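If you want the building blocks of each chain, they are given just below.
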Amino acid sequence: MKFLCSSDTLAPDSSLGFEIDGCKLLAVRRDGVAYFYINRCPHRGIPLEWQPDHFLDSSASLIQCATHGALFLIESGECISGPCAGQNLTALRGREDAQGLWVEL
């Protein structure tokens, strides 16, 4: 497991981008749970964020691709709207403990 950050760095209903060992990924916190995904849209294989650390739509309830507006469920990574509907973001195993957030690449 690779250390990402302390728990309080990822605020409620927010997202952060990371690069570890050349792998771009994102973390999203929703309802107290942290979710981890590869930062790559399944439609074109490009990064998702609008600007650094901004992966969520205006309601902070869905992950949104900046290029074509595809919307993904935070809890599962499933695309529910856009050209890649029915496809999924690549989820990463992660955990949170007293030290912070960890992800398995």
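Residues numbered from 1 in each chain as written. Predicted model: local features only at pLDDT ≥ 70, side-chain atom pairs only at ≥ 80, totals over all residues. Heavy atoms only, no water.

Draft legend 1. View of the packing of aromatic side chains. Under the definition given, this model contains one aromatic pair. Relative to Trp102, the ring of Phe3 lies with its centre 5.2 Å away and its plane at 70°, an arrangement referred to as edge-to-face. Taken together, the positions of Phe3 in strand E1 (residues 2-5) and Trp102 in strand E9 (residues 101-103) put the pair 99 residues apart, joining distant regions of the chain. Its relative accessible area of 41% is what places Phe3 among the partly exposed residues. Overall, the relative accessible area of 14% leaves Trp102 in the buried class. (Phe/Tyr/Trp six-rings, centres within 6.5 Å; stacked < 30°, edge-to-face > 60°. Helix = DSSP H or I, 4+ residues; strand = E, 2+ residues; numbered from the N terminus. Buried < 20%, exposed > 50% of the residue type's maximum accessible area, 1.4 Å probe, protein only.)

Draft legend 2. Region of the structure containing the sheet that holds strand E6 (residues 71-73). A sheet is described by the order of its strands in space; here three strands give the open sequence E5-E6-E7, paired in antiparallel fashion. Unpaired on one side and paired on the other, strand E5 (62-64) and strand E7 (79-81) mark the two borders of the sheet. If you compare each strand with its neighbour and ignore which way they point, the axes differ by 40° on average. Two strands pair when backbone bridges link them, and E5 and E6 are joined in this way by three bridges, in the antiparallel orientation. In the strand pairing of E6, Gln64 is matched with Leu71. (Pairing = 2+ DSSP bridges. Axes fitted to C-alpha atoms, helices over the stretch in contact; angles between N-to-C directions.)

Draft legend 3. Molecular detail of the side chain of Gln64. Tracing the sequence through the fold places Gln64 in strand E5. The residues contacting Gln64, other than those within four sequence positions of it, are Leu48, Trp50, Phe55, Leu56, Asp57, Gly69, Ala70 and Leu71. (Contact = heavy atoms within 4.5 Å.)

Draft legend 4. View of the nonpolar core. Core analysis: the largest hydrophobic core is formed by 17 residues, its most contacted members being Leu26, Leu48, Ile63 and Phe72. Those residues in contact with Leu26 that lie beyond four places of it in its chain are Leu16, Gly17, Tyr35, Phe36, Tyr37, Ile38, Asn39, Leu48, Phe55 and Ile63. Counting residues in hydrophobic clusters, the runner-up holds 15 residues, among them Cys5, Ile20, Ile38 and Leu101. (Core = buried A, V, L, I, M, F, W, Y, C linked by side-chain atoms within 4.5 Å.)

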